[in-house]
Structure formats: structure tokens, C-alpha cells
Amino acid sequence: MNHDPFQWGRPSNETYGAYNHQIANAGVPDNTTHASLDAFPKMHTQQPIITGTSVIASKFNNGIIMAADNVGSYGSLLRFSNIERLIKVGSETVVGLSGDVSDMQQIERILDELETSEEVYDNDGGDYLRAANVHEYLSRVMYNRRSKMNPLWNSIIVGGFYRDRTPFLKYVDLVGVTYSSSTIATGFGSHLAIPLLRNLIPEDKDYVKVDEQQITKVVEDSMRVLFYRDARSGDKYSQVIIKLDEEGKVVFEFTKEVKVENQSWRFAKDIRGYGSSQQ
Amino acid sequence: MQTTVASEYSNEIHSVPIEHRFNPYSDNGGTVLGIAGEDFAVLAGDTRQVEGYSIQSRYEPKIFDVGDNIVMTANGFAADGVALIDKFRQQLKWYKFDNFGGKLEIKSAARYIQHLLYGKRFFPYYVSTLIAGLDEEGKGAVYSYDPVGSYEREQCRAGGAAASLIMPFLDNQVNFKNQFIPGTDGKEKKPLKYLTLEEVIELVRDAFSSATERHIYVGDGLEIKIVTKDGVRTEYYPLKRD
């Protein structure tokens, strides 16, 4: 038997003579080599494969909150249910990623490298890595990759604090578009969660009137609505709250495996707001 | 395409396979407007940023004071706009290092921006660029560009999503196009004159509130940067948020 990977399983040529491909008019040509296959053009990401759905985030009076579920979808298949999409960078920044999971893992490594070089090697004990720095860095990475026509297929939200301790929240995506707002959501979240969040924080400046308890409740509601209506979402999510305590010190609360509670799967006719009749 | 059975889907039958390709551009809406006066110039833009039918942010400013009494905006694909303005700022910094902190005249800035844009002729910055400031004589100046760097100095120019709604209004109200002296039976044109800053601000506000009514990519807020010999100042007016 021939053990060459391209000819595997065929009768060996020494014993039986070369196979005549003309018989079936098919198969890998005899002159195929490893080098000729390696000459295949290098490909760039043209579409995401394993994907994570929405990330939602908001400012509140003394910090920021961010949430993302733990599902990794392969098209419409629920392929993974243990993907962590919120990552801590430095001491007071969180980065939430949706979109392609392999590109997300690449970004994780880039950010890890950034943290090592900035916080370990180049830090003289003075200033340190903040959310604004992380966001600027990421936006350059994303824009450069799209300019090479080789994008990182993600939408990213960065949350943390400015130097003066006011909350920071900003977005960047696969083409390098950035913006800031008091409430930000990616993917389906921008359709389903943003209306709920903006209901609580109608104008950007209004986040100062909202406390942690209020915003946590709305984020909880948003994650439930997303679970109901986004087919690629899950009922288990991670949540990060970064806030200032009474002494003005940063508290980083990372909560994993939060369940979507108070679900209602009652028959739609009997739920207020669904039936045709007035209730 | 000829088919045996008439089908509603005939327009979806392709003779060549559909190709999917990464699109490096997006349209982030917004509109901008520059008007030059006798001893001032203004650059105005709404503060809404969109993607499709979603409003990404209600306050994402896109008019920037880039230094040397020049204000600049690049409206269209937001990431390219930011990149272009960053690049100009960086080069202005180097110009200062190389020229003992000397002032960059607006006509030189204008020519330089042409080179920045044309330098990416075959992968363009997808933006309408405007700059405003004062020329060497202290007169208001507005320069406008197409995405690949073709530019000219003008009295006024609108760019971005609602440019086609605002520009004809400006032709009429700033350059007095189609305006005639009453009683001359449309024979004698209304003579040109410089508008005052107050008149210009009113025009800008009217232009943006009207564009907000008719264009979904325009709204939320209006930010105006005003350049005079005393420097740059900013004014903000709310627009409808629907």
C-alpha cells in the first residue's frame, strides 16, 4: 500500500504500476507535491466561524457595568457554552468582545502582551494602563488590520475610568469605527438592549443620576430580553462592575455564571401586551 | 434570463457565483457645513453617528481644532475621518518642530491635505473633508475636498449625508443665486455681500434643523466651531433626536 498522504491507501506503484487517472477522470494529479499545495494563495478572514453574540455595557454614577453571555456559536449550532468574552486588562479596565472567537483569542494575546510590556517592563511606578489607552491601542490594531484587508472580525467595548476617575466607555469594530456613549451594545444588543438602557439614561450626561442597583436591574432585564429573542444567545452570562468605593479606590467585581432569572414561557395569548384584545 | 417556467425568483438566479468579500468601508452618516465671512469662518457638524438604522452615539464630535487657528472635519466613513485628522495633526506637529514653531498658513495646510488624500488614491479615505480658518489677509477661508484630494477654496460648502439638501439653500442664501433686485423683472442680480457672524449662525442653525427633519442620518446636536483672529470658540445647539 502507498503511504504518501496524497496517495494513501492506493496500491503501491512498485507492485501494481501507476494508476491511470483517466479511467475516472478524477483524483489528485500524480504531479501534486506538498510545495504545489503550499502555493495556494494565503487567505484572510472573510467571515467569522465560531461567534459570540452581543456585549452590553453602560455607565452609572460611580462606574461602569458590562455583560456578555458564554455561548460560542458555529453558525446556528450552539457549539460552546463556556466562552468567557469579558477580559480584564490592567487593574481597572474591562474589554468585552463579540464576533469571531478565534480573533477574540488573538486580541486576548495582544492585550496580554500590552499589559506585560506596559505594566511590567516600562512602568516606572508612576502612571499605569487605563481604559482610554487600551481603547486607543485596540482601535489602531483594528484599523490597521482592516486597512490590510485582513480584519479581526469583532465588535469591542472597552470600559473603565479616565485619569480623573470619571467613567470611560468606548466602542471599536472590525473596520476601525469608534464612538463613545453612556450606553453601548454590540450586535443584537444594539436593537434589543439599547432601548432599555437609554430608557434609564436618555441623554449621555444622565448616567450620573443612575446608581449601581438601577443599572444592574436593567442589565439583567436586557440579558433576559436577549435570551428570549436572540437565537444565538445563552441563559448564562458574565458580568463586570468596575466602581469606586467610599475612599475613591477602584473595585473590580467580576461575576461569572450569572443565570437569566424570572423567565416566563407562558402561552403568549395570556401575557399582557401580546394578545390582540385589551387586558 | 430565459427560463421555462416563469418564476418570481428569476431575478435571484445568477449566471456567475455570488462573491462575498470583506467591505472595508461603512457609512456613518452625519453632515457638515463650512461658511467663510469677512473676518471669520465657521465649521459646523451634527453630533450623531450612525450605522445602518441604528444610532451609535448622540454625541460624537467630528469638528476639530487642529491648531494654528484651523478647524477641520472629515465626514463619511468615521474611521477614515479620524485617521485623516490624526495624520494631519501629527504632520502639523512635525512642521512646528522643523520650522521653529512657525504658523502653518491655511493655504499650505490645504495643499498638504490634498497630498494626504491623494496619497491614498487607490484605497481612498471615504470622506468629504472641510477645513476653515483665516487667510494671510485675515479673511475667512473654507477649503473643501473630494475623497481623493481634488480641492478648492470656496465661500461655503456642505458635505456628508445631507449635503444635497443643504447646498442649494446655501447657494441661494450665501451666494445669492437666483436672487434678483425687486422691480428689475429678474434682470439685475442681487449684489454679493459678506454676511455677519450672527446671520451665518442663523443660517447654519436653519440648515441643520431642516436637514434633521428630512434626513434620518442627521440630528441629536449641532456643534459649531467659529474661527476669528482671537482664536477658536465652540457653540452647541440641540437638534431633534428622532
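Right, let's walk through the structure included here. Since we're looking at a predicted model, the values are computed, not measured.

This part covers the overall build of chain A. A count of helices and strands for chain A gives 7 helices and 13 strands. A principal-axis box enclosing the C-alpha atoms of chain A has dimensions of 85 × 65 × 30 Å. The buried share among the 279 residues of chain A stands at 44%. Long-range pairs, those at least 24 residues apart, make up 60% of the contacts in chain A with a sequence separation of at least 6. By element, 50% of the accessible surface of chain A is carried by carbon and sulfur atoms, the whole surface being about 15400 Å². Computed over 30 positive and 37 negative side-chain charges, the inter-centroid distance for chain A is 6 Å.

Below, the discussion takes up the pairing of strand E9 (residues 151–154) of chain B. Residue and element names in this part refer to chain B. Inspection of the sheet shows strand E8 (residues 140–145) paired to E9 by 4 bridges, in the antiparallel sense. For Val142, the partnering residue across the bridge sits in E9 and is Glu154. Once E8 ends, the chain turns through 5 residues before running back antiparallel as E9, passing Gly149 with a positive phi of about 105 degrees.

What follows concerns the side chain of Thr228 of chain B. Mapped onto the fold, Thr228 of chain B is located in strand E11 (residues 221–228). Setting aside residues no more than four positions away along its own chain, Thr228 of chain B makes contact with Asp39, Phe40, Asn69 and Leu134 of chain B.

To continue, consider a nonpolar patch on the surface. Together, Ile49, Tyr74 and Leu77 of chain A give the surface a local cluster of nonpolar side chains, amounting to about 310 Å² of exposed area. By secondary structure assignment, the location of Tyr74 of chain A is in strand E4 (residues 72–74).

All names here are of chain B. Read across the sheet, 5 strands follow the order E5-E6-E7-E8-E9 without closing on themselves; strand pairing throughout is antiparallel. Where the open sheet ends on each side, the last strands, each with one partner, are strand E5 (64–67) and E9. Strand-to-strand twist of the sheet, defined as the mean angle between neighbouring strand axes without regard to direction, takes the value 25 degrees. Sheet strands in contact with helix H2 (residues 106–118) are strand E6 (70–76), strand E7 (127–134), E8 and E9, and its direction is about 10 degrees off that of E8.

Next up on the list: the nonpolar core. For soluble globular proteins, nonpolar side chains are generally found buried alongside one another. All names here are of chain B. Judged by nonpolar contacts, the single largest core of 31 residues is most densely connected at Met72, Leu84, Phe88 and Ile131. Those elements giving two or more residues to this core turn out to be E6, helix H1 (78–98), H2, E7 and E8. Broken down by element, this core gets its largest block of residues, 7 residues, from H1. Once you skip the residues sitting within four places of it in the chain, Leu84 turns out to touch Met72, Ala74, Leu116, Leu117, Tyr125, Val127 and Thr129. Cys156, Val200, Ile224 and Tyr237 belong to the second largest nonpolar core, which has 29 residues in total.

Residue and element names in this part refer to chain A. One open sheet accounts for 5 strands, arranged E11-E2-E3-E12-E13; its pairing is antiparallel. Of all the strands in the sheet, the pair left with one neighbour each is strand E11 (183–185) and strand E13 (250–259). Mean inter-strand twist for the sheet, computed between neighbouring axes without regard to direction, equals 10 degrees. Pairing of strand E12 (residues 236–244) with E13 involves 8 bridges; the strand directions are antiparallel. Opposite Tyr237, over in E13, you have Val258 as the bridge partner. Its contacts with the sheet place helix H7 (residues 212–229) against strand E2 (55–60), strand E3 (63–69), E12 and E13, and it is angled at close to 165 degrees to E2.

On to the interface of chain B and chain A. When the parts come together, some accessible area is lost, and that loss is often what is quoted as the size of the interface. With 26 residues of chain B in contact, the opposing surface of chain A contributes 24 residues. Carbon and sulfur atoms supply 49% of the area buried between chain B and chain A, which totals about 1900 Å² over both sides. For the interface between chain B and chain A, the tally reads 2 salt bridges. With a shortest N-O distance of 3.4 Å, Arg140 of chain A and Asp86 of chain B are connected by a salt bridge. Between the two partners, chain B and chain A, sit 8 residue pairs in polar contact (both at pLDDT 80 or more). Put simply, the parts of the chain that give the side of chain B that touches chain A at least two residues each are strand E3 (49–51), strand E4 (54–57) and H1 of chain B. A per-element tally of the side of chain B that touches chain A places H1 of chain B first, with 5 residues. Among the residues making up the side of chain B that touches chain A, the classes are represented as 11 nonpolar, 8 polar and 7 charged.

This paragraph deals with the packing of H1 of chain B against H2 of chain B. Residues and elements named next belong to chain B. Packing of H1 against H2 leaves a shortest axis separation of 11 Å and a crossing angle of 130 degrees. With respect to each other, H1 and H2 are oriented oblique. For the pair H1 and H2, the sense of crossing is right-handed. For the pair H1 and H2, contact is made by Leu84, Lys87, Phe88 and Gln91 and by Ala109, Tyr112, Ile113, Leu116 and Leu117, respectively. For the contact of H1 with H2, the residue count by class is 7 nonpolar, 1 polar and 1 charged.

Below, the discussion takes up the packing of helix H4 (residues 131–147) of chain A against H1 of chain B. The contact between H4 of chain A and H1 of chain B brings their axes to 12 Å, and the two run at 105 degrees. The angle between H4 of chain A and H1 of chain B places the two elements in the roughly perpendicular class. Across from Arg140, Tyr143 and Arg146 of chain A in H4 of chain A, the residues of H1 of chain B making contact are Ala79, Asp80, Ala83 and Asp86 of chain B. The residue makeup of the contact of H4 of chain A with H1 of chain B, split by class, is 3 nonpolar, no polar and 4 charged.

All names here are of chain B. Secondary-structure assignment places Ile85 in helix H1. On the basis of relative accessibility, which here comes to 3%, the residue Ile85 falls in the buried class. Measuring from C-alpha to C-alpha, the distance between Ile85 and Thr129 comes to 9.5 Å, with 44 residues separating the pair along the chain. If sequence neighbours within four positions are ignored, Ile85 has contacts with Phe64, Val66, Met72, Thr73 and Ala74.

What you tend to see is this: most non-glycine residues have negative phi, and most peptide bonds are trans. Residues and elements named next belong to chain B. The phi angle at Phe176 is positive, at roughly 55 degrees, despite the residue not being glycine. Looking at the secondary structure, you find Phe176 in the loop between helix H3 (163–173) and helix H4 (197–214). For Asp185, which is not a glycine, the phi torsion comes out positive at approximately 60 degrees. Positionally, Asp185 belongs in the loop between H3 and H4.

Calculation criteria
- Residues numbered from 1 in each chain as written.
- Chains lettered and ligands numbered in written order.
- Predicted model: local features only at pLDDT ≥ 70, side-chain atom pairs only at ≥ 80, totals over all residues.
- Heavy atoms only, no water.
- Helix = DSSP H or I, 4+ residues; strand = E, 2+ residues; numbered from the N terminus.
- Buried < 20%, exposed > 50% of the residue type's maximum accessible area, 1.4 Å probe, protein only.
- Contact = heavy atoms within 4.5 Å.
- Areas by Shrake-Rupley, 256 points an atom, 1.4 Å probe, with all protein chains shown as cover.
- Lys, Arg positive; Asp, Glu negative; His and termini not counted.
- Charge placed at Lys NZ, Arg CZ, Asp CG, Glu CD.
- Pairing = 2+ DSSP bridges.
- Patch = residues over 30% accessible without salt bridge, like charges linked within 9 Å, V, L, I, M, F, W, Y side chains within 5 Å.
- Salt bridge = Lys/Arg side-chain N within 4 Å of Asp/Glu carboxyl O.
- Axes fitted to C-alpha atoms, helices over the stretch in contact; angles between N-to-C directions.
- Core = buried A, V, L, I, M, F, W, Y, C linked by side-chain atoms within 4.5 Å.
- Buried area = accessible area lost by both parts, 1.4 Å probe.
- Polar contact = N/O pair within 3.5 Å; in protein donor to acceptor, adjacent residues only side chain to side chain.
- Nonpolar A, V, L, I, M, F, W, Y, C, P; charged D, E, K, R; others polar.
- Parallel < 35°, antiparallel > 145°, perpendicular 65-115°, else oblique.
- Left-handed = near helix turned anticlockwise from the far one by under 90°.

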